Amino acid sequence: MILDVAATNLLSPLILCFVLGLIAGAVKSDLEVPAPIAKGLSLYLMLAIGLKGGWSLAGSGVGWAAAPALLAAAGLSLLLPLPAYAFLRYGLGQDRPTAAAVAAHYGSISIVTFASAQAFLTQQGIGHEGYIVAMVAIMETPAIVTGIYLAQRGTTETNRHRGDLMREVLFNGSVMLLIGGLLIGWLTGGRGEAEVKPFFVDLFKGALCLFLLDIGLTVARRGAALRQLKAGLIAFGLMMPPVAAAAGLGTGLLLGLSLGGVTLLMLLCASASYIAVPAAMRLAVPKADPAIYMTLSLAVTFPFNITLGVPLYFAVARWALGA
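Anyway, here's the lowdown on the structure attached to this text. In this convention, every chain numbers its residues from 1, walking through the sequence in written order. Reporting of local features is limited, given that this is a predicted model, to residues whose pLDDT is at least 70; pairs of side-chain atoms are given and counted only at 80 or more, and all residues count toward the totals for whole chains, interfaces and linings. The side-chain figures draw on all heavy atoms in the structure; neither hydrogens nor water molecules are used.

### Observations regarding the overall build of the protein chain
Then, in step 1: By definition, any uninterrupted DSSP run of H or I lasting at least four residues is a helix, any uninterrupted run of E lasting at least two residues is a strand, and each is numbered from the N terminus. The secondary structure content of the protein chain amounts to 17 helices and 0 strands.
Then, in step 2: Note on classification: 1.4 Å probe, protein chains only; a residue is buried when its accessible area is under 20% of the maximum for its type, exposed when over 50%, partly exposed between these limits. For the protein chain, the proportion of its 323 residues judged to be buried stands at 53%.
Then, in step 3: Accessible surface area values rest on a Shrake-Rupley calculation with a 1.4 Å probe, where residue burial reflects the displayed protein chains alone. Here the protein chain has roughly 13,700 Å² of accessible surface; of this, 67% comes from carbon and sulfur atoms.

### Here we look at the packing of aromatic side chains
Then, in step 1: Stacked, tilted and edge-to-face pairs are distinguished by plane angle, under 30 degrees for stacked and over 60 for edge-to-face with tilted covering the rest, among Phe, Tyr and Trp rings (Trp via its six-membered ring) whose centres lie within 6.5 Å. Counted according to the given criterion, the structure contains 8 aromatic pairs.
Then, in step 2: Measuring from ring centre to ring centre gives 5.0 Å for Tyr-106 and Phe-236, while their planes differ by 70 degrees; the resulting arrangement is edge-to-face. Here Phe-236 lies in helix 14 (residues 231-255) and Tyr-106 lies in helix 6 (residues 96-107), a separation of 130 residues in the sequence. This pair shows no difference in class: Tyr-106 is buried, exactly as Phe-236 is.
Then, in step 3: On the numbers, 5.3 Å between centres and 65 degrees between planes, the contact of Tyr-274 with Phe-302 is edge-to-face. Residue Tyr-274 is located in the loop between helix 15 (259-270) and helix 16 (276-284), and its partner Phe-302 is located in helix 17 (residues 290-321); the two are separated by 28 residues in the primary sequence. Neither Tyr-274 nor Phe-302 differs from the other in exposure class; each is buried.
Then, in step 4: Through a chain of ring-to-ring contacts, three or more aromatic side chains come together here, namely Tyr-44, Phe-199 and Phe-200.
Then, in step 5: Between the NZ or CZ atom of Lys-52 and the centre of the ring of Phe-204, over which it lies, the distance is 4.9 Å. Definition used: whenever NZ (Lys) or CZ (Arg) falls within 6 Å of the ring centre and also within 35 degrees of the ring normal, the charge is taken to sit over that ring.

### Side note on the layout of surface pockets
Then, in step 1: Cavity: a set of points on a 1 Å grid over the protein atoms alone where a 1.4 Å probe fits but cannot get out. Pocket: an open set with protein on both sides within 12 Å along at least five of seven lines, its lining residues, like those of a cavity, having an atom within 4 Å of a point. Grid points are joined across faces, edges and corners, and a volume is the space filled by probe spheres set on the points. Looking at the largest pocket, its volume works out to about 650 Å³.
Then, in step 2: Lining the largest pocket are 27 residues, and of these Lys-52, Ile-111, Val-112, Phe-204 and Ile-275 sit closest to its centre.
Then, in step 3: Elements supplying a minimum of two residues to the lining of the largest pocket: helix 1 (2-10), helix 2 (13-26), helix 3 (35-59), helix 7 (111-124), helix 8 (132-139) and helix 12 (204-221).

### A short note on the side chain of Ser-110
Then, in step 1: One can find Ser-110 in the loop between helix 6 and helix 7.
Then, in step 2: Since its relative accessible area comes to 3%, Ser-110 is described here as buried.
Then, in step 3: Identification of polar contacts relies on pairs of N or O atoms within 3.5 Å, with a donor-acceptor requirement for protein atoms, meaning one able to donate a hydrogen and the other able to accept it, and with residues adjacent in sequence counted only if both atoms are side-chain atoms. Polar contacts involving the side chain of Ser-110 include one to the side chain of Thr-113, which spans 2.7 Å.
Then, in step 4: Should any heavy atoms of two residues lie within 4.5 Å, those residues are considered in contact. Other than its neighbours up to four places away in sequence, Ser-110 contacts Ser-271, Ala-272, Ser-273, Tyr-274 and Phe-302.

### So, the nonpolar core
Then, in step 1: In these notes, a set of buried Ala, Val, Leu, Ile, Met, Phe, Trp, Tyr and Cys residues joined through side-chain atoms within 4.5 Å is what counts as a nonpolar core. In this structure, Tyr-274, Met-281 and Met-294 are the most contacted members of the largest nonpolar core, which totals 100 residues.
Then, in step 2: In this structure, Met-294 is in contact with Phe-18, Leu-212, Ile-215, Val-219, Tyr-274, Pro-278 and Ala-299, ignoring residues within four places of it in sequence.

### Some words on the side chain of Ser-77
Then, in step 1: With respect to the element layout, Ser-77 can be found in helix 4 (residues 67-79).
Then, in step 2: In this structure the side chain of Ser-77 is engaged in a polar contact, spanning 3.3 Å, whose partner is the backbone oxygen of Gly-107.
Then, in step 3: In this structure, Ser-77 is in contact with Gly-107, Ser-108, Met-139, Pro-142 and Ala-143, ignoring residues within four places of it in sequence.

### Thoughts on the pattern of salt bridges
Then, in step 1: Each salt bridge in this description consists of a side-chain nitrogen of Lys or Arg and a carboxyl oxygen of Asp or Glu lying within 4 Å of one another. This model, assessed by the stated rule, comprises 3 salt bridges.
Then, in step 2: For the salt bridge of Glu-195 with Arg-191, the shortest nitrogen-to-oxygen distance reads 3.2 Å. With a gap of 4 residues between them, Glu-195 and Arg-191 both fall in helix 11 (residues 173-200), about one helical turn apart. For the pair Glu-195 and Arg-191, a shared accessibility class is recorded, and that class is exposed.
Then, in step 3: We note a salt bridge from Asp-214 to Arg-282, for which the minimum N-O separation is 2.5 Å. Here Asp-214 is found in helix 12, whereas its partner Arg-282 is found in helix 16, with 68 residues between them in sequence.

### Here's the deal with a nonpolar patch on the surface
Then, in step 1: Each patch is built from residues that are more than 30% exposed by relative accessible area and take part in no salt bridge. Like charges join if they lie within 9 Å; nonpolar side chains (Val, Leu, Ile, Met, Phe, Trp, Tyr) join within 5 Å. A cluster of nonpolar side chains, contributed by Leu-11, Leu-16, Val-19, Ile-23 and Val-27, occupies part of the molecular surface with about 460 Å² of accessible area.
Then, in step 2: The topology assignment puts Leu-11 in the loop between helix 1 and helix 2.

### A look at the packing of helix 12 against helix 16
The geometry of a pair of packed helices is captured by two quantities: the angle between their axes and the separation between those axes.
Then, in step 1: Every axis in this analysis is a line fitted to C-alpha atoms, fitted for helices over the stretch in contact. Angles between the N-to-C directions lie between 0 and 180 degrees. Their axes nearest at 11 Å, the elements helix 12 and helix 16 cross at an angle of 60 degrees. It follows from the interaxial angle that helix 12 and helix 16 lie oblique. As for the relative orientation of helix 12 and helix 16, their crossing is left-handed in sense. Contact residues: Phe-211, Asp-214, Ile-215 and Thr-218 in helix 12; Pro-278, Ala-279 and Arg-282 in helix 16.
Then, in step 2: As a working rule, the residues Ala, Val, Leu, Ile, Met, Phe, Trp, Tyr, Cys and Pro are called nonpolar, Asp, Glu, Lys and Arg charged, and the rest polar, with Gly in that last group. Classifying every residue of the contact of helix 12 with helix 16 gives 4 nonpolar, 1 polar and 2 charged. Working rule for angles: under 35 degrees goes down as roughly parallel, over 145 as roughly antiparallel, 65 to 115 as roughly perpendicular, anything else as oblique. Each helix crossing is assigned a hand: it is left-handed if the near helix lies turned anticlockwise from the far helix by less than a right angle, otherwise right-handed if that turn is clockwise.

### Quick word on the packing of helix 5 (residues 81-91) against helix 14
Then, in step 1: At their nearest, the axes of helix 5 and helix 14 sit 11 Å apart, and the two run at 165 degrees to each other. Taken together, the axes of helix 5 and helix 14 lie roughly antiparallel to each other. Crossing of helix 5 over helix 14 shows right-handed handedness. Contacts between helix 5 and helix 14 involve Ala-84, Phe-87 and Leu-88 from the first element and Leu-233, Phe-236 and Met-240 from the second.
Then, in step 2: In terms of residue class, the contact of helix 5 with helix 14 is made up of 6 nonpolar, no polar and no charged.

### Remarks on unusual backbone geometry
Then, in step 1: A positive phi angle, near 60 degrees, is found at Lys-28, a position not held by glycine.
Then, in step 2: Counting through the fold element by element, Lys-28 comes out in the loop between helix 2 and helix 3.

Laid out in structure tokens, this is it:
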């Protein structure tokens, strides 16, 4: 059941385009995505992701009763990168930009992993709160803000006032596109979505395929950095999801979520972004190594979550709720 969902996700065009980029880079093909196009793809994805999140918020019918859940979602995304960064930076000795970028991936979410958990719950006949979709939209961006702050803090705080640093982080181009797109999507709702659907919805997965192809090429051509993905980093990629899921479990219980809601919040906390955050880090933290953050997110954490993680988190949530 869950293995069928996992196989479908792993064999999607998005993942296979990333694999194609890895293969092309490994065999030293002359295939490349020109730098201006690669940057354009990142900008497009940032705005499209923000808009889609805003449309989800507008269509979810969220009322004031859901405000605590939405605030909790933002807080989780904002804070989860901190322990991840501390372990990567001081436990594994990663350089500051790469540690910050990886940490941001593990504070944000993977929509594909979330969809896998939804499919699993549907097969179990278990529903969940409607505003969970709004929580998904909220959780994509705060981790990026934290990641950019962590990456820039050590290089700027000695020469610049902390307030100036926070302004630089909050008005970073990636953050502006994500938050601006979210607000535009929320304000315009279904009408706005209909107006730009051909460009920002219908073409989204095609652009994402090209983006992941380029990321695969970059990862493969940084072979020396890729070889740094040793036991410690792999262990982080496998252990961080359950640790983050525990934070989701505690938060879900405090919010009084249902079995389905707690399971999905655990999964959201446990997942690692491989769409929004890579695009943002590529623009905002260019010194971070994609051979590490993309491989950890996509080749270690993603398959773990959709094969073992989803049923594990469901079992733990059921035990905690006595269901």
